[in-house]
Amino acid sequence: MATVAELLQPVEADLEALLSDLRSLIGAGHPILQAAAEHLFSAGGKRLRPGIVLLISRALAPDGELSARHRRLAEITEMIHTASLVHDDVVDGASTRRGVDTVHSRFNHRVAVLAGDFLFAQASWHLANLDDLEVVKLLSRVIMDLADGEVRQGLFRYDTGQSFETYLEKSYCKTASLIANSARAAGVLSGLGEVQLDSLYRFGRQLGLAFQVVDDILDFTGSDQQLGKPAASDLASGYLTAPVLYALQERPALAGLIEREFSEAGDLEQALELVRGSDAIPRSRLLAEGFANEAREALTWLPASESRGALLALPEFVLSRLY
C-alpha cells in the first residue's frame, strides 16, 4: 500500500515550497512566537491537508499548473491545522506530538495558547488578502468548527447518553470541516459550478470522517508507537468514539464503568475488554469503509491526471492504516 509521501508525490515540490513560504509568512514578528511557529513547521507531519488542496488545484487546472492563490490557500490550510494542533495539545496536556516536544512543553502554556492564536490570526489575514469573499466564509467557518468541536468534546466526556449523531458532528468539526471546506475553496478559486463544488466538499467531508473513525479504531487496536500517544487514551479521557458507542449497545455493563469515570482499580482494563470482545470494532470498520467509498465516488468526474489518481487513492490509504 502506498505511503502518504508516495501519494503526495505529484505535489512534492509544491509542499517543499509551501514549507519555506510558511516560514517567511510567519515573518519576523515576536521572536518567541516565531520560535514556536518555526518549531511546529519543522516538526515533520504528513502535510496531508495542504497536499489535498494542492492535488485538487492541479487536477482542476487545464494545464496542471498552480496559481499563486491556490498555493496561498494550501498555506492557509496548513496554518489553520497547525494552530488547532497547538491548542489541542494544551487542552489534552500532551507532552509530545509526532515524537517532538509540544509547544507548551517546550515553552509554556501561555506561549502555546498565544502561538496558536498568532497562527489563526496570520491565517485570517492571508485569507482576507485572497480577496474572495466565498473562500473567506468557507475557511472562517472551519475556525469556528474547530473551536466548536473542541467544546463539544469537552461537554460530552463520560456521557453514555450521547447520540451517535453527536459523535459524528464533533468528528466533522474537529477533523472533516477543514478538509471539506478547503477542498471546496480550491474549486471556488478555479471557478467551478455549484454541483462540482458540492462534490469537492463531499469528498473532503467523507474522507475526514473516515480518517477520524480509523483513528478512533486505532485507539483500541494500535500500539503506543503507531499512535504517537498511549493506546486507549481517548477512552481513559472519557471521549466516547464509534467503537465505544457501538459497544454500549451490546454491553450495558460498560456504561457503569464509564459513568464512574474508571475510578476503581481495573475499570479501564475491563472497559477495554468489553469493547474488544463485542462487534464494535468490525462495525466501526464498516462505517469507515462506507465513508471512504463515498469520498472516492465524489471525485470520479475529475479529468484523468496524476493528481486525480492520487486523490482517488487517498480513501484506500486512510483505510489501510487499519491493516
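Given the structure is predicted, the values throughout are model-derived calculations rather than measurements.

Asker: Teacher, can you tell me more about the overall build of the protein chain here?
Answerer: Within the protein chain one finds 17 helices and two strands. Rg of the C-alpha trace for the protein chain: 20 Å, near the compact-globule value of 20 Å for 323 residues, within the 12% margin. Taken along the three principal axes of its C-alpha coordinates, the protein chain extends 60 × 45 × 35 Å. Per-residue burial for the protein chain yields a buried fraction of 53% across its 323 residues. Sequence separation of 24 or more characterises 74% of the internal contacts of the protein chain that already satisfy a separation of 6 or more. For the protein chain, the exposed area adds up to about 14,000 Å²; of that, 52% sits on carbon and sulfur atoms. Of the charged side chains in the protein chain, 30 are positive and 44 negative, and the gap between their average positions amounts to 2 Å.

Asker: Which parts of the structure should I look at to understand empty space enclosed by the protein?
Answerer: Over the atoms, a rolled probe matching the size of one water molecule traces out where space is still vacant. As enumerated under the stated definition, the model contains three cavities of 30 Å³ or more in all. Volume-wise, the second largest cavity comes out at about 80 Å³. Every residue lining the second largest cavity is listed: Arg 152, Gln 153, Phe 156, Gln 162, Thr 166, Tyr 167, Lys 170, Gly 238, Tyr 239 and Leu 240. Breaking the lining of the second largest cavity down by element, the ones donating at least two residues are α8 (133-155) and α9 (164-189).

Asker: Would you take a moment to explain the packing of aromatic side chains for this structure?
Answerer: A ring pair, where both rings are aromatic, is described by two values, the distance of the centres and the angle of the planes. Taken as a whole and judged by the stated rule, the model has three aromatic pairs. Arranged with centres 5.4 Å apart and planes meeting at 70 degrees, the rings of Phe 164 and Tyr 167 form a pair that is edge-to-face. Of the two residues, Phe 164 and Tyr 167 both sit in helix α9, three residues apart, roughly one turn of that helix. Judged by its relative accessible area of 21%, Phe 164 is partly exposed. Seen from their ring centres, Phe 164 and Tyr 246 are 4.9 Å apart, and the 35 degrees between their planes marks the pair as tilted. Within this pair, whereas Phe 164 is found in helix α9, its partner Tyr 246 is found in helix α13 (residues 242-250), the two being separated by 82 residues in sequence. What links up through ring pairs into an aromatic cluster is the set Phe 164, Tyr 167 and Tyr 246. In this arrangement the basic side chain of Arg 49 is found over the ring face of Phe 211, its NZ or CZ atom lying 5.8 Å from the centre.

Asker: Quick question: what am I supposed to make of the pattern of salt bridges here?
Answerer: Between side chains of opposite charge, a pair can form when the charged atoms approach closely. As enumerated under the stated definition, the model contains 18 salt bridges in all. Note that Asp 267 and Arg 260 form a salt bridge whose closest N and O atoms lie 2.8 Å from each other. Looking at Asp 267, the relative accessible area reads 2%, which means it is buried. A relative accessible area of 35% places Arg 260 in the partly exposed class. Look at the salt bridges and you will find they share partners, linking Asp 14, Arg 58, Glu 65 and Arg 71 into a network.

Rules of the game
Residue positions are counted from 1 within each chain, in the order its sequence is given. Totals for whole chains, interfaces and linings use every residue, but because this is a predicted model, local features are given only for residues with pLDDT of at least 70 and side-chain atom pairs only at 80 or more, for both listing and counting. To get the side-chain values, all heavy atoms of the structure are used, and hydrogens and water are removed first. The helix count covers DSSP runs of H or I at least four residues long, the strand count covers runs of E at least two residues long, and both are numbered beginning at the N terminus. With C-alpha atoms as the basis for the radius of gyration, the globule rule is written as 2.2 Å multiplied by the number of residues raised to the power 0.38. Each residue's exposure class comes from its accessible area (1.4 Å probe, protein chains only) as a fraction of the maximum for that residue type: buried when under 20%, exposed when over 50%, partly exposed otherwise. Contacts were defined at the residue level, with two residues in contact if any of their heavy atoms lie within 4.5 Å. Accessible surface area values rest on a Shrake-Rupley calculation with a 1.4 Å probe, where residue burial reflects the displayed protein chains alone. This count recognises Lys and Arg as positive and Asp and Glu as negative, with His and chain-terminal groups excluded. To locate a charge, take NZ of a lysine, CZ of an arginine, CG of an aspartate or CD of a glutamate. The rule is simple: put a 1 Å grid over the protein atoms alone, call a set of points where a 1.4 Å probe fits but cannot get out a cavity, call an open set with protein on both sides within 12 Å along at least five of seven lines a pocket, and count a residue as lining if it has an atom within 4 Å of a point. Grid points are joined across faces, edges and corners, and a volume is the space filled by probe spheres set on the points. Pairing of aromatic rings covers Phe, Tyr and Trp, the last counted by its six-membered ring, and requires centre-to-centre distances within 6.5 Å; plane angles under 30 degrees mean stacked, over 60 mean edge-to-face, and any other angle means tilted. Sitting over a ring, as applied to charges here, requires NZ of Lys or CZ of Arg to be within 6 Å of the ring centre and within 35 degrees of the ring normal. What makes a salt bridge here is a side-chain nitrogen of Lys or Arg within 4 Å of a carboxyl oxygen of Asp or Glu, nothing more.

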